[in-house]
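Given next are the chains, with one letter for each unit.
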Amino acid sequence: MAPNPKVSVAITTYNQESYIEEAITSALSQDTGFGIEVVASDDASGDRTPEILDELAARHPDRLRVTHNATRLGANRNFVETLARCEGDYIALLDGDDYWLRPDKLRLQAEHLDHHPGCAVTFHPVQVVHDGGRPRTWTPPGGRRTYDLDDLLGGNFVANCSVMVRNHGRPEFPAWFDESAGMPGDWTFLCLQARNGSLDCLPDTMAAYRVHDQG
């Protein structure tokens, strides 16, 4: 594992054997100029996802760290525990069925956080990919470059696969977060982050967000 990584990539997955290798490969293919680690947590999948992760970890032991939950924790708890294992200055989020489109994504977002200390979250437009359908580009409302907590409270306009945050600003999650099925975990996480600064949208489309029956 890279010593003192600048960016940790947090990947959570459950029964995503058809997609997980593309997600992991897109993270490992990043051209950064600094150290990264990929921290993947499988939530007791019943398909081949664990085996695929182990095969990839064996090929990339210096950059990919895999955890297998013995029993299913649920999406929110798995997310919290994955974040806790991240050691980088910044954390980039990637769900196990999504993937990144550009090898400079992490570098561009890390540079933005480096130079904008008032920014808590960086994100960007994504390509929405439907099984059997034509991809389309999704952009946040208003085409703005900066948003805040008030904007986010009106509804989540940030795709998880586009997010990078500061690790030292990782929030303490409320007690109800682990069990909550009513409040999406990614939206809650972003709202907690947005208390610390702005949400800055970079202009380029750098990730693919899948929409499918198992998503």
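Structure: see above.
Here's what I pulled together on the structure shown here. None of these values were measured; they are calculated from a predicted model.

Rules used throughout
- Residues numbered from 1 in each chain as written.
- Predicted model: local features only at pLDDT ≥ 70, side-chain atom pairs only at ≥ 80, totals over all residues.
- Heavy atoms only, no water.
- Pairing = 2+ DSSP bridges.
- Helix = DSSP H or I, 4+ residues; strand = E, 2+ residues; numbered from the N terminus.
- Contact = heavy atoms within 4.5 Å.
- Axes fitted to C-alpha atoms, helices over the stretch in contact; angles between N-to-C directions.
- Buried < 20%, exposed > 50% of the residue type's maximum accessible area, 1.4 Å probe, protein only.
- Disulfide = S-S within 2.5 Å.
- Salt bridge = Lys/Arg side-chain N within 4 Å of Asp/Glu carboxyl O.

## Examining the pairing of strand E12 (residues 207-211)
Then, number 1: Summarising the sheet, strand E5 (residues 99-100) and E12 pair through 2 bridges and their orientation is antiparallel. For Tyr99, the partnering residue across the bridge sits in E12 and is Ala208.
Then, number 2: As judged from the 4 bridges shared by strand E7 (residues 126-130) and E12, these two strands associate in the parallel manner. Looking across to E12, one finds that Gln127 is bridged to Ala208.

## Quick look at the sheet that holds strand E9 (residues 146-147)
Then, number 1: In spatial order, the strands read E3-E2-E1-E4-E10-E6-E11-E9; together these 8 strands make up an open sheet with mixed pairing. The strands lining the two open edges of the sheet, one partner per strand, are strand E3 (64-68) and E9.
Then, number 2: The strands that helix H2 (residues 49-59) touches are strand E1 (7-13), strand E2 (36-42) and E3; relative to E3, the one it contacts most, it runs at about 150°.

## Quick look at the sheet that holds strand E8 (residues 136-138)
Then, number 1: Taken in spatial order, the 4 strands make up an open sheet running E5-E12-E7-E8, and their pairing is mixed. Each of the sheet's edge strands pairs with one partner strand only, and the pair in question is E5 and E8.
Then, number 2: In this sheet, E8 lies alongside E7 in antiparallel orientation, the contact comprising 3 bridges. Looking at the pairing, Val128 lines up with Arg136 of E8.

## Remarks on helix H6 (residues 185-194)
Then, number 1: Burial analysis of H6 places 8 of its 10 residues in the buried class, which makes it a mostly covered element.
Then, number 2: Along its buried surface, H6 packs onto helix H3 (75-84), strand E4 (90-95), strand E6 (119-123), helix H5 (149-153), strand E10 (164-166) and strand E11 (198-201).

## Regarding the side chain of Thr82
Then, number 1: Mapped onto the secondary structure, Thr82 falls in helix H3.
Then, number 2: Residues in contact with Thr82, not counting those within four places in the same chain, are Ala10, Ile11, Thr12, Val39 and Ser41.

## Regarding the environment of Leu53
Then, number 1: By the element assignment, Leu53 lies in helix H2.
Then, number 2: Each C-alpha atom, one on Leu53 and one on Thr25, is 11 Å from the other, the two residues being 28 residues apart in sequence.
Then, number 3: Beyond its immediate sequence surroundings of up to four residues, Leu53 is in contact with Thr13, Ile20, Ile24, Ala40, Asp42, Leu64, Val66 and His68.

## Points about the state of the cysteines
Then, number 1: Inspection of every chain in the model, using the stated rule, returns 0 disulfides.
Then, number 2: In this model Cys86 remains outside any disulfide bridge; the closest cysteine sulfur is found in Cys161, 16 Å from its own.
Then, number 3: Cys191 takes part in no disulfide bond, and the closest cysteine sulfur to it belongs to Cys119, at a distance of 15 Å.
Then, number 4: The class of Cys191 is buried, set by a relative accessible area of 11%.

## Thoughts on the pattern of salt bridges
Then, number 1: According to the stated counting rule, one finds 12 salt bridges in the structure shown.
Then, number 2: Salt-bridge contacts for Arg59 lead to Glu21; the nearest nitrogen and oxygen are separated by 3.6 Å. One end of the pair, Arg59, is in helix H2; the other, Glu21, is in helix H1 (residues 20-28), with 38 residues separating them in the sequence.
Then, number 3: As a salt-bridge pair, Asp43 and Arg72 come within 3.6 Å of each other at their nearest N and O atoms. Placement of Asp43 in the loop between E2 and H2 and of Arg72 in the loop between E3 and H3 is noted, with a sequence separation of 29 residues between them.

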